[in-house]
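Read off the chains here:
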Amino acid sequence: MIKVDNLHKSYGKLDVLKGINTSIKEGEVVAVIGPSGSGKSTFLRCLNLLEQPTEGQIWIKESNITDNKTNIMKVREHVGMVFQHFHLFPHKTVLDNLTYAPMKVKGLSKQEAQKQGRELLKKVGLADKEKQYPNKLSGGQKQRVAIARALAMNPDVMLFDEPTSALDPEMVKEVLAVMKDLVHTGMTMVIVTHEMGFAREVADRILFLDGGNLVEDAPPSEFFSSPKSKRAQDFLEKVL
Amino acid sequence: MTLKVVAVAAVIGIILGIILSLMKISRIKPLNWIADFYTSIFRGTPLVLQLMLIYFGSPQLFGVQIEAFEAAFLSFGLNSAAYISEVIRGGINAVDKGQREAALALGVPYSSMMISIILPQAFKNILPALMNEFITLTKESAIVTTIGLADIMRRSYIVGGDTYKFFEPILFAGLIYYVMVMILTVIGKLIEGRMKRSD
Ligand SMILES: Nc1ncnc2c1ncn2[C@@H]1O[C@H](COP(=O)(O)OP(=O)(O)O)[C@@H](O)[C@H]1O
Ligand SMILES: [Mg+2]
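Here is what the cut-offs are and how they apply
- Residues numbered from 1 in each chain as written.
- Chains lettered and ligands numbered in written order.
- Predicted model: local features only at pLDDT ≥ 70, side-chain atom pairs only at ≥ 80, totals over all residues.
- Heavy atoms only, no water.
- Pairing = 2+ DSSP bridges.
- Helix = DSSP H or I, 4+ residues; strand = E, 2+ residues; numbered from the N terminus.
- Contact = heavy atoms within 4.5 Å.
- Axes fitted to C-alpha atoms, helices over the stretch in contact; angles between N-to-C directions.
- UniProt positions renumbered as here; feature names shortened; annotations may be inferred.
- Phe/Tyr/Trp six-rings, centres within 6.5 Å; stacked < 30°, edge-to-face > 60°.
- Lys NZ or Arg CZ within 6 Å of the ring centre and 35° of its normal.
- Buried area = accessible area lost by both parts, 1.4 Å probe.
- Salt bridge = Lys/Arg side-chain N within 4 Å of Asp/Glu carboxyl O.
- Buried < 20%, exposed > 50% of the residue type's maximum accessible area, 1.4 Å probe, protein only.
- Near = heavy atom within 4 Å.
- Polar contact = N/O pair within 3.5 Å; in protein donor to acceptor, adjacent residues only side chain to side chain.
- Areas by Shrake-Rupley, 256 points an atom, 1.4 Å probe, with all protein chains shown as cover.
- Expected span 1.5 Å × (residues − 1).
- Arc of directions from axis to C-beta.
- Parallel < 35°, antiparallel > 145°, perpendicular 65-115°, else oblique.
- Left-handed = near helix turned anticlockwise from the far one by under 90°.
- Nonpolar A, V, L, I, M, F, W, Y, C, P; charged D, E, K, R; others polar.

## What about the sheet that holds strand 5 (residues 63-64) of chain A?
Residue and element names in this part refer to chain A.
- The sheet built from four strands is open, its strands ordered 2-1-4-5 with antiparallel pairing. The open sheet has two edge strands, strand 2 (14-24) and strand 5, and neither has a second partner.
- One ladder, built from eight bridges, connects strand 1 (residues 2-11) with strand 2; its direction is antiparallel. Of the residues in strand 2, the one forming a bridge with Tyr11 is Leu14.
- On top of the sheet, helix 1 (residues 40-47) reaches strand 1, strand 2 and strand 4 (55-60); it is set at about 120 degrees to strand 1, its chief contact.

## Describing the UniProt feature "transmembrane region" (unreviewed entry) in chain B
- According to UniProt, the feature "transmembrane region" (unreviewed entry) maps to residues 6-25, 37-56, 62-82, 103-123 and 170-191 of chain B in the numbering used here.
- Between the end C-alpha atoms of residues 103-123 of chain B there is a gap of 18 Å, over a span that is 81% helix and 0% strand.

## What about the environment of Asp36 of chain B?
- Along the chain, the position of Asp36 of chain B falls in helix 2 (residues 29-44).
- Discounting chain neighbours no more than four positions away, the residues touching Asp36 of chain B are Lys24 and Arg89 of chain B.

## Topic: the packing of aromatic side chains
- Applying the stated criterion to the full structure yields seven aromatic pairs over all chains.
- Directly above the aromatic system of Phe89 of chain A lies the positively charged group of Arg149 of chain A, at a separation of 4.6 Å from the ring centroid.
- Sitting over the face of the ring of Phe69 of chain B, Lys4 of chain B holds its NZ or CZ atom 5.2 Å from the ring centroid.

## Concerning the interface of chain A and chain B
- Chain A puts 25 residues into the contact, and the matching count from chain B is 21 residues.
- For the chain A and chain B pair, buried surface summed over both sides reaches about 1900 Å², with 63% attributable to carbon and sulfur atoms.
- Summed over the shared surface of chain A and chain B, the number is one salt bridge.
- Across the pair Arg45 of chain A and Glu101 of chain B runs a salt bridge, and its minimum N-O distance is 2.7 Å.

## A look at the pattern of salt bridges
Residues and elements named next belong to chain A.
- In total, this model carries 15 salt bridges over all chains according to the counting rule given.
- A salt bridge links Lys115 to Glu119, with the shortest nitrogen-to-oxygen separation between them at 3.7 Å. Of this pair, Lys115 and Glu119 are both found in helix 4 (residues 110-123), four residues apart, which corresponds to roughly one turn of the helix.
- Classification of Lys115 by relative accessible area gives exposed; the value is 55%.
- The partly exposed category is assigned to Glu119, whose relative accessible area is 44%.
- With its nearest N and O atoms 2.7 Å apart, the salt bridge here joins Arg118 to Glu130.

## A closer look at the site of ligand 1
Residue and element names in this part refer to chain A.
- Ligand 1 sits among Tyr11, Leu14, Val16, Pro35, Ser36, Gly37, Ser38, Gly39, Lys40, Ser41 and Thr42.
- Backbone polar atom of Gly37 to an oxygen atom of ligand 1: 2.7 Å apart, as the coordinates give it.
- One of the side-chain nitrogen or oxygen atoms of Ser41 is found 2.7 Å away from an oxygen atom of ligand 1.
- About the coverage of ligand 1: the protein hides 58% of its 560 Å² of free accessible area.
- Put simply, the parts of the chain that give the shell around ligand 1 at least two residues each are strand 2 and helix 1.
- Of the residues forming the shell around ligand 1, the biggest block, three residues, is contributed by helix 1.

## A few points about the UniProt feature "domain: ABC transporter" (unreviewed entry) in chain A
- As recorded in UniProt, the feature "domain: ABC transporter" (unreviewed entry) lies at residues 2-236 of chain A.
- Along residues 2-236 of chain A the backbone is 38% helical and 26% strand, and the end-to-end C-alpha distance reaches 27 Å.

## Comments concerning helix 2 of chain B
Residue and element names in this part refer to chain B.
- With 16 residues, helix 2 extends 22 Å between its outermost C-alpha atoms, agreeing within 8% with the 22 Å of an ideal straight helix rising 1.5 Å per residue.
- Where helix 2 is concerned, the buried positions are Asn32, Ala35, Tyr38, Thr39 and Phe42. Looking down the long axis of helix 2, one finds its buried residues gathered within 135 degrees of arc, a one-sided arrangement. The exposed residues of helix 2 that point more than 90 degrees off its buried face are Trp33, Ile34, Phe37 and Gly44.
- Looking at the buried side of helix 2, the elements it contacts are helix 1 (2-25), helix 3 (47-56) and helix 5 (68-94).

## Digging into the packing of helix 2 of chain B against helix 5 of chain B
All names here are of chain B.
- At a minimum axis separation of 9 Å, helix 2 and helix 5 run at an interaxial angle of 125 degrees. Overall, the two elements helix 2 and helix 5 adopt an arrangement that is oblique. The hand of the helix 2/helix 5 crossing is left-handed. Contact residues: Asp36, Tyr38, Thr39, Phe42 and Arg43 in helix 2; Leu78, Asn79, Ala81, Ala82, Tyr83, Ser85, Glu86 and Arg89 in helix 5.
- Across the contact of helix 2 with helix 5, the residue classes break down as six nonpolar, three polar and four charged.

Written out as structure tokens, the structure reads:
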């Protein structure tokens, strides 16, 4: 599904990713963890080309997205992204947030887009909010709308960049619940998170990044009970 | 006449202002230079000079002598585009960077992102500044008398010249300008109120 080969990213002299190699199978749920500044967001953002890799190659499904000939827009259609700070469109209602891209990008009719949008809102438990503007919603509700908005494009992969980090503790649960539902549908997911309990519970694999290197790649049972590297041991000691 | 000049100039100003502001934020350097140069020319010289240059210089510039009315809305439009482009550029930069990323991540192309995501939010923030620009334009339009256009000011001179009483006609002209500016202000507030729905 996703194959990452020798991925480098630098900003000027600063090497943020120093040669990441990994692959992710269809339906797999991968949690990316690591200290702040280790390059987790940058890694994720390279997967939908919000950041242009400096070196290396990335394949999603059959297409090499780092090839200049590949249409970036087409790639992004198939890769959904959820941000830490939601980034809902504040001047559009909840339902319009969900229908905008499917209509504009995929050419769905308004009726089709709205029907689909309402179904998704029901799935994330916000069917009654369709006419609201985002600023009226709580953080947890905003993030659930943001997840629904990404799903409205019917993506093959969903990327999450610390989806619960900006939320008050009591709202974290509702967002994680929606994500768990998504796991059960078989969606391929890459999740940057500090929620270790959640990662342990739902992830098939843990990727541990430190200083721009992929230091460990292991199933959660292995990673959490017997991390191989010193750096992962230190990190887990701090967060657990 | 004043109203017509201001209205046409405002439309030119907004459309050209949007284009210039997009050129200014573009990654293509020559576009930045052209837009910045344009702005510095129109901000760095008096409006009355631009007006006269376009009117009296039209045979050299366009190959035909244009009407005073055309010269008026052209120079005001081109001039206010320079100011408006700065206002819009500020408005675009003030929109959260995440909005752009969210749109791009959904596969929305650049042009649609600008038109339906970024610019509406930018306009909401800059509406007061934009209204100010139009109010200034309305008042400054009085200089069209210099090229002989019969606007409010000129008519009040004419009436004054006929009756040898200048105080009342000019006071009356002032009142008309004042009413026009007040109407503009009210319209601005109404649009602002409509846009606040999403807050
Ligand atoms: N646009 C940018 N320009 C320069 N440096 C950046 C940029 N984005 C991220 N960085 C740097 O890259 C490093 C990794 O950032 P990031 O991927 O956000 O880490 P994480 O998500 O793991 O906290 C940090 O040192 C950060 O300062
Ligand atoms: Mg991050």
